[in-house]
Amino acid sequence: MALAMARLLLSLAGPGGVWGISAWRRFAATPLARQLDQAEAEFLKALAIDRNAQPALIGLAAVYEQRGEPERALELLRGLVHSDAVYAAGRMTKMAELYVRLGRQADGIAYFESLQGQGAHWEEGRNTALGVVYAAAGRSQDAERALKRALAVDPSCVPAMQELFPLYDSQGRAAELEPLLRRGLQKEPRSGMFNNWLALVL
């Protein structure tokens, strides 16, 4: 977790960023609990200047998640889901994981089913997120359909295949994924994950 937080803070460093390099060095030398406290303080400072600063909101959500406050993280991410269609897919997948972590699969299903689309990339993320919460709710057929819809948008979508592969494998059907895996590799031949999954089914 510390490495992930470090990468996040480094991405915010530099001119106009939330953290400078000297602050990052002090951060790296402190225990994890204090790291989280320091990160939260810096993100809140940034939000005091610009309450809509997306890097700070995303960073604060990461702090809350790692501190064991998934509900607070989820609330922040819900506020960001419409802010940028390019990054919405990753945020929706993270939100789905938080719904599952909270044991609120039904709420997650209702939320993602009600979202209005903003283009193909948006639908890829929404269907991946639906696949996550459907699978956690024991609705394997609905999960399969949603994940295949995501892969129809982007055949090389790793988060969608990451959910679909264990679903099929648990049913003894992993070999059936070969066509989908090959389609993904046609788009991204160097995808390590897709190459690994293909090797497992051959």
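Residues numbered from 1 in each chain as written. Predicted model: local features only at pLDDT ≥ 70, side-chain atom pairs only at ≥ 80, totals over all residues. Heavy atoms only, no water.

Visitor: Outline the packing of aromatic side chains, listing residues and values.
Guide: Under the counting rule described, the total for this entry stands at five aromatic pairs. For the ring pair Tyr-99 and Phe-112, a centre distance of 5.9 Å and an interplane angle of 80 degrees mean the geometry is edge-to-face. Separated by 13 residues along the polypeptide, Tyr-99 in helix H6 (residues 85-101) and Phe-112 in helix H7 (residues 105-114) bring together distant segments of the chain. Taking relative accessible area as the criterion, Phe-112 reaches 0% and is therefore assigned buried. Ring geometry for Phe-165 versus Trp-197: centroids 6.2 Å apart, planes at 20 degrees, classification stacked. With Phe-165 in helix H10 (residues 158-170) and Trp-197 in helix H12 (residues 192-201), this residue pair connects regions lying 32 residues apart in the sequence. Among the residues examined, Trp-197 registers a relative accessible area of 8% and is labelled buried. (Phe/Tyr/Trp six-rings, centres within 6.5 Å; stacked < 30°, edge-to-face > 60°. Helix = DSSP H or I, 4+ residues; strand = E, 2+ residues; numbered from the N terminus. Buried < 20%, exposed > 50% of the residue type's maximum accessible area, 1.4 Å probe, protein only.)

Visitor: Which residues make up the packing of helix H4 (residues 54-66) against H6, and what values do they have?
Guide: In a pair of packed helices, the angle between the axes and the distance between the axes together describe the arrangement. Running from N to C, H4 and H6 point in directions that differ by 25 degrees, and their axes come no closer than 13 Å. When the axes of H4 and H6 are compared, the pair comes out roughly parallel. The chirality of how H4 crosses H6 is left-handed. Side by side, H4 and H6 meet where Gln-54, Ile-58 and Glu-65 of the first sit next to Arg-91, Lys-94, Leu-98 and Arg-101 of the second. Here the residues of the contact of H4 with H6 sort into two nonpolar, one polar and four charged. (Axes fitted to C-alpha atoms, helices over the stretch in contact; angles between N-to-C directions. Parallel < 35°, antiparallel > 145°, perpendicular 65-115°, else oblique. Left-handed = near helix turned anticlockwise from the far one by under 90°. Contact = heavy atoms within 4.5 Å. Nonpolar A, V, L, I, M, F, W, Y, C, P; charged D, E, K, R; others polar.)

Read these as geometric descriptors, not functional statements.
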